[in-house]
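Residue-level structure breakdown
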Amino acid sequence: SQELEQSPQSLIVQEGKNLTINCTSSKTLYGLYWYKQKYGEGLIFLMMLQKGGEEKSHEKITAKLDEKKQQSSLHITASQPSHAGIYLCGAQYSNSGYALNFGKGTSLLVTP
Amino acid sequence: DTAVSQTPKYLVTQMGNDKSIKCEQNLGHDTMYWYKQDSKKFLKIMFSYNNKELIINETVPNRFSPKSPDKAHLNLHINSLELGDSAVYFCASSPSEARSEAFFGQGTRLTVV
């Protein structure tokens, strides 16, 4: 069974609109990482969240981790075509010896 | 200067062949990984090395053998390639086991025909 669920699977929004992507873990997280993958390319690290209730922003992208450390949301304000790509959340469940477990990703398309 | 570089970017080969994918990182990181992304874009960890030592070996066929000659390199060798091995393979590195903000290579798209 998948420990990390992302929703929605895909999203098409009009340029300028806001959007939210969710990531839910079946277990308590040690850390939650957000990545963006442009089509046909590697992953770009966006943000890491570790503390319950933590919120971080980078340009127009904000990510939050809930108090229980089992759910994170990624919010994009005033979306632009450059935001298009696949957004993946990666879970770290321990502070040693474990790579990230990734969700299945959310494919985002921003239309003019 | 590419932080994590892997070669080749594309690899097309016949079933039964043996192939290798190379990965190098110039970030001075201690930990390196191989991930596999299938056709549904699902990214799954295969191997993790810390200072040249294997620390994670997920359930992958033993036809896949990682080799780390030094801490900056982690190569992936695949024997007797099968159709189901077709995927994009990503190499990544992170500062240490405890810090998982990994930097990813551009991926190697492997197609087995």
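Cut-offs used in this document
Residues numbered from 1 in each chain as written. Chains lettered and ligands numbered in written order. Predicted model: local features only at pLDDT ≥ 70, side-chain atom pairs only at ≥ 80, totals over all residues. Heavy atoms only, no water. Helix = DSSP H or I, 4+ residues; strand = E, 2+ residues; numbered from the N terminus. Rg over C-alpha atoms; globule rule 2.2 N^0.38 Å. Buried < 20%, exposed > 50% of the residue type's maximum accessible area, 1.4 Å probe, protein only. Contact = heavy atoms within 4.5 Å. Areas by Shrake-Rupley, 256 points an atom, 1.4 Å probe, with all protein chains shown as cover. Salt bridge = Lys/Arg side-chain N within 4 Å of Asp/Glu carboxyl O. Disulfide = S-S within 2.5 Å. Pairing = 2+ DSSP bridges. Axes fitted to C-alpha atoms, helices over the stretch in contact; angles between N-to-C directions. Core = buried A, V, L, I, M, F, W, Y, C linked by side-chain atoms within 4.5 Å. Phe/Tyr/Trp six-rings, centres within 6.5 Å; stacked < 30°, edge-to-face > 60°. Lys NZ or Arg CZ within 6 Å of the ring centre and 35° of its normal.

Details of the overall build of chain A
In terms of helices and strands, chain A carries zero helices and 11 strands. Sequence-ordered secondary structure for chain A, helices as α and strands as β, is β-β-β-β-β-β-β-β-β-β-β. For a compact globule of 112 residues, the expected C-alpha radius of gyration is about 13 Å, and chain A comes in at 13 Å, within 12% of that figure. Counting only residues that meet the buried cut, chain A has 46% of its 112 residues in that class. Sequence separation of at least 24 residues holds for 54% of the intrachain contacts in chain A that already meet a minimum separation of 6. Accessible surface, chain A as shown: approximately 5400 Å² in total, 47% of it carbon and sulfur.

Topic: the pattern of salt bridges
In the structure shown here, the tally under the stated rule is six salt bridges over all chains. A salt bridge links Lys64(A) to Glu55(A); the shortest N-O distance between them is 4.0 Å. Because the salt bridges share partners, they merge into one network encompassing Arg63(B), Glu82(B) and Asp85(B).

Observations regarding the state of the cysteines
Residue and element names in this part refer to chain B. Per the stated rule, a full pass over the model turns up two disulfides over all chains. Between the sulfur atoms of Cys-23 and its disulfide mate Cys-91 the distance is 1.8 Å. A torsion of -75° about the S-S bond marks the disulfide between Cys-23 and Cys-91 as left-handed. Of the two residues, Cys-23 is situated in strand 3 (residues 19-25) and Cys-91 in strand 9 (residues 87-94); the sequence distance between them amounts to 68 residues. Cys-23 gets classed as buried once you look at its relative accessible area, which sits at 1%.

Looking at unusual backbone geometry
A negative phi angle is the norm for most residues apart from glycine, just as the trans form is the norm for most peptide bonds. That bond from Ser7(A) to Pro8(A) is cis: its omega, -5°, falls within 30 degrees of zero. Assignment of secondary structure puts Pro8(A) in the loop between strand 1 (4-7) and strand 2 (10-14). In this structure, the amide linkage connecting Thr7(B) to the following residue, Pro8(B), adopts the cis form with an omega of 0°. Relative to the helices and strands, Pro8(B) resides in the loop between strand 1 (4-7) and strand 2 (10-13). Positive phi, normally seen in glycine, also occurs at Glu59(A), with a value near 55°.

Quick look at the sheet that holds strand 3 of chain B
Residue and element names in this part refer to chain B. Taking strand neighbours across the sheet as the criterion, the four strands line up as 1-3-8-7 in an open arrangement whose pairing is antiparallel. Here the strands that pair on one side only, and so sit at the sheet edges, are strand 1 and strand 7 (64-70). If you compare each strand with its neighbour and ignore which way they point, the axes differ by 20° on average.

Details of the nonpolar core
Residues and elements named next belong to chain A. Leu-32, Trp-34, Leu-74, Tyr-87 and Leu-108 are the most contacted members of the largest nonpolar core, which has 22 residues in total. Among the secondary structure elements, those contributing two or more residues to this core are strand 3 (19-25), strand 4 (31-37), strand 5 (43-49), strand 7 (61-65), strand 8 (71-76), strand 9 (85-92) and strand 11 (106-111). Not counting chain neighbours up to four residues away, the residues in contact with Tyr-87 comprise Gln-6, Ile-21, Tyr-35, Lys-36, Leu-46, Ile-61, Leu-74, Ile-76, Gly-105, Thr-106 and Leu-108.

Comments concerning the packing of aromatic side chains
The full count for this structure, using the stated rule, is 10 aromatic pairs over all chains. When the centroid spacing of 6.3 Å and the interplanar angle of 55° are considered together, the rings of Tyr33(A) and Phe45(A) count as tilted. Taken together, the positions of Tyr33(A) in strand 4 and Phe45(A) in strand 5 put the pair 12 residues apart, joining distant regions of the chain. With 5.4 Å between their ring centres and 45° between their planes, Tyr35(B) and Phe104(B) make a pair best called tilted. Remark: Phe104(B) occurs in strand 10 (residues 103-104) and Tyr35(B) occurs in strand 4 (residues 31-37); sequence separation between them is 69 residues. Like Phe104(B), Tyr35(B) is buried. What links up through ring pairs into an aromatic cluster is the set Tyr33(A), Tyr35(A), Phe45(A), Phe102(A), Tyr33(B), Tyr35(B), Phe90(B) and Phe104(B). Between the NZ or CZ atom of Lys27(A) and the centre of the ring of Tyr93(A), over which it lies, the distance is 4.4 Å.

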